[in-house]
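Examining the three-dimensional arrangement
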Amino acid sequence: MQTSQDTYQELRAAVRALCAQFPDAYFRMIDQQRGYPEAFVAALTEAGWLAALIPEQYGGSGLGLTEASVILEEINRCGGNSGVCHGQMYNMGTLLRHGSERQKRDYLPRIASGELRLQSMAVTEPGAGSDTTRIQTRAVRHGDHYRVSGQKVWISRVQHSDLMILLARTTPLERVSRRSEGMSLFLIDLRAAVGHGLNVRPIANMVNHETNELFFDELEVPAENLIGEEGLGFRYLLDGLNAERALIAAECVGDGRWFIDRVVGYGCERQVFGQPIARNQGVQFPIARAHVQLEAASLMRFEACVRFDARQSCGAEANMAKLLASEASWEAANVCLQFHGGFGFACEYDIERKFRETRLYQVAPISTNLILAYVAEHVLGLPRSF
Ligand SMILES: Cc1cc2nc3c(=O)[nH]c(=O)nc-3n(C[C@H](O)[C@H](O)[C@H](O)COP(=O)(O)OP(=O)(O)OC[C@H]3O[C@@H](n4cnc5c(N)ncnc54)[C@H](O)[C@@H]3O)c2cc1C
């Protein structure tokens, strides 16, 4: 098993070369305007990076989750935010493994070419965040189509995507023997749906993250857009969720490395009491500690990705990687902000922007407590608490 980051130097250099065309000032401007980095996402698409996981037979590069994680890590390490486009990577975990051959032939080549974007996944509801099995969005079959009604919240990139993966209940909770049964996944064509049974209301939020409330009112979805078998959607979704956790761990590693690069550079330059602040061990040690924790998190990310790519169980590793990396990047963010003194708060240093961006990942896509609950119950065999 190859876990050393050095294995991917060529890939890293290629992504960095693209990112160099989009300096800090670009992302700062997009953040201040609450805009979407269209030019950046177009460049990533054109270079083929967002089709990394699509098999070659459908026009992609046929790379694994491991390489995808390195791509997203590098974007964040260069000062960008993969949150604008990572959906296209993790949604592949679901579509590639459980989509029909027809769905793959219809959509994947057009996603690979950039004609279509599959950036959204709709799971969370106002009454069901951590407890996914309580979703109330219903899909009822009527002949050759389903009708979907309900509400979702925090659904990202809907305004910059053509397709969305939707989780809905097809059998009411009271009629299933296990809570995770009776849910199904659908591929929603947003171009046809918005304004015709689907309304989208943006949510202003702390990060410049395009995210929305969705209102479904008898939205008609062709039955052929059901992914896999009816009722097994939650099981299929786990492949996408594990991929998402491993990829977000990589993004946090990228953020953390960006913070460490910045604070190391600044600490060696900034003179206080006639010497660089980084000469003080009180400054060095927190930076060193954050670095150590990032390196450990990065290895767990590789472990999760390698297992995912080998189709081995990876729920524990993907969850642990996400927990370790989100905490390590947050520690690096705090250290970086702290040792920039007042300057850390100035927008032109980009630290406050990245600080906000990396904080999200202790809450979404799964909160730290829920990861600990998963490890306690599923890895350690402790009693179920909910
Ligand atoms: C910017 C942003 C983008 C998002 N994008 C998407 C998206 O694209 N698609 C999507 O489907 N969702 C998305 N989400 C939703 C995200 O996945 C949820 O916010 C997350 O799963 C937590 O759910 P919740 O907000 O309902 O929190 P809740 O489930 O209400 O939990 C609140 C807090 O209570 C704690 N808690 C709850 N139960 C327990 C327990 N039993 N033990 C200990 N602690 C507990 C949790 O850890 C959490 O800290 C996004 C969220 C944000 C903020």
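Residues numbered from 1 in each chain as written. Predicted model: local features only at pLDDT ≥ 70, side-chain atom pairs only at ≥ 80, totals over all residues.

An unreviewed UniProt entry lists the chain under the name Acyl-CoA dehydrogenase family protein, with Chromobacterium aquaticum as the source organism. Under the Cofactor (unreviewed entry) heading, UniProt states for the chain: "FAD". Here the chain is described in UniProt, under the heading Sequence similarities (unreviewed entry), as follows: "Belongs to the acyl-CoA dehydrogenase family." (UniProt positions renumbered as here; feature names shortened; annotations may be inferred.)

Some remarks on the site of the ligand
The immediate surroundings of the ligand are formed by 24 residues, with Val123, Gly129, Ser130, Ser367 and Asn369 found nearest. Looking at the shell around the ligand, the elements with two or more residues in it are strand S1 (118-122), strand S3 (145-156) and helix H12 (368-379). In the shell around the ligand, the residues fall into 14 nonpolar, ten polar and no charged. Looking at which domains feed residues into the shell around the ligand, each of domain 2 (118-232) and domain 3 (235-379) supplies at least three. (Near = placed C-beta within 6 Å. Helix = DSSP H or I, 4+ residues; strand = E, 2+ residues; numbered from the N terminus. Nonpolar A, V, L, I, M, F, W, Y, C, P; charged D, E, K, R; others polar. Domains from an automatic or database assignment.)

Concerning the domain arrangement of the chain
In terms of domain boundaries, the chain breaks down into domain 1 (5-113), domain 2 (118-232) and domain 3 (235-379). Domain 1 and domain 2 are separated by 24 Å when their C-alpha centres are compared. Listed as interface residues are 15 residues of domain 1 and, on the opposing side, 16 residues of domain 2. Elements that contribute at least two residues to the side of domain 1 that touches domain 2 include exactly helix H2 (24-33), helix H5 (87-98) and helix H6 (101-113). Considering only residue class, the side of domain 1 that touches domain 2 consists of five nonpolar, eight polar and two charged. (Contact = placed C-beta atoms within 7 Å.)

Notes on the pairing of strand S2 (residues 138-142)
Regular strands place side chains that alternate from one sheet face to the opposite one. Examined bridge by bridge, S2 and S3 share five bridges and lie antiparallel to one another. Along S3, the bridge assignment pairs Val140 with Arg147. Counting the residues between successive antiparallel strands, the hairpin from S2 to S3 contains two residues, one of them, Gly143, with a positive phi of roughly 65°. (Pairing = 2+ DSSP bridges.)

What to know about the environment of Leu167
One can find Leu167 in strand S4 (residues 163-169). Taking the C-alpha atoms as reference points, Leu167 and Ala246, 79 residues apart in sequence, are found 21 Å from one another. If we ignore the near neighbours within four places in the chain, the residues touching Leu167 are Ala122, Val123, Ile135, Met183, Leu185, Gly233 and Leu237.

Some details on the UniProt feature "domain: Acyl-CoA dehydrogenase/oxidase C-terminal" (unreviewed entry) in the chain
Sequence positions flagged by UniProt for "domain: Acyl-CoA dehydrogenase/oxidase C-terminal" (unreviewed entry) are, in local numbering, residues 233-364. As annotated, residues 233-364 comprises 76% helix and 3% strand, and the C-alpha atoms at either end are separated by 20 Å.

Considerations on helix H3 (residues 38-46)
All of the buried residues along H3 are Phe40, Val41 and Leu44. All buried residues of H3 fall inside an arc of 95° around its axis, so they share one side. Turned more than 90 degrees off the buried face of H3, the exposed positions are Glu38, Ala39, Ala42 and Glu46. Where H3 is buried, its residues meet helix H1 (9-19). (Buried ≥ 20, exposed ≤ 12 C-beta atoms within 10 Å, placed from the backbone. Arc of directions from axis to C-beta.)

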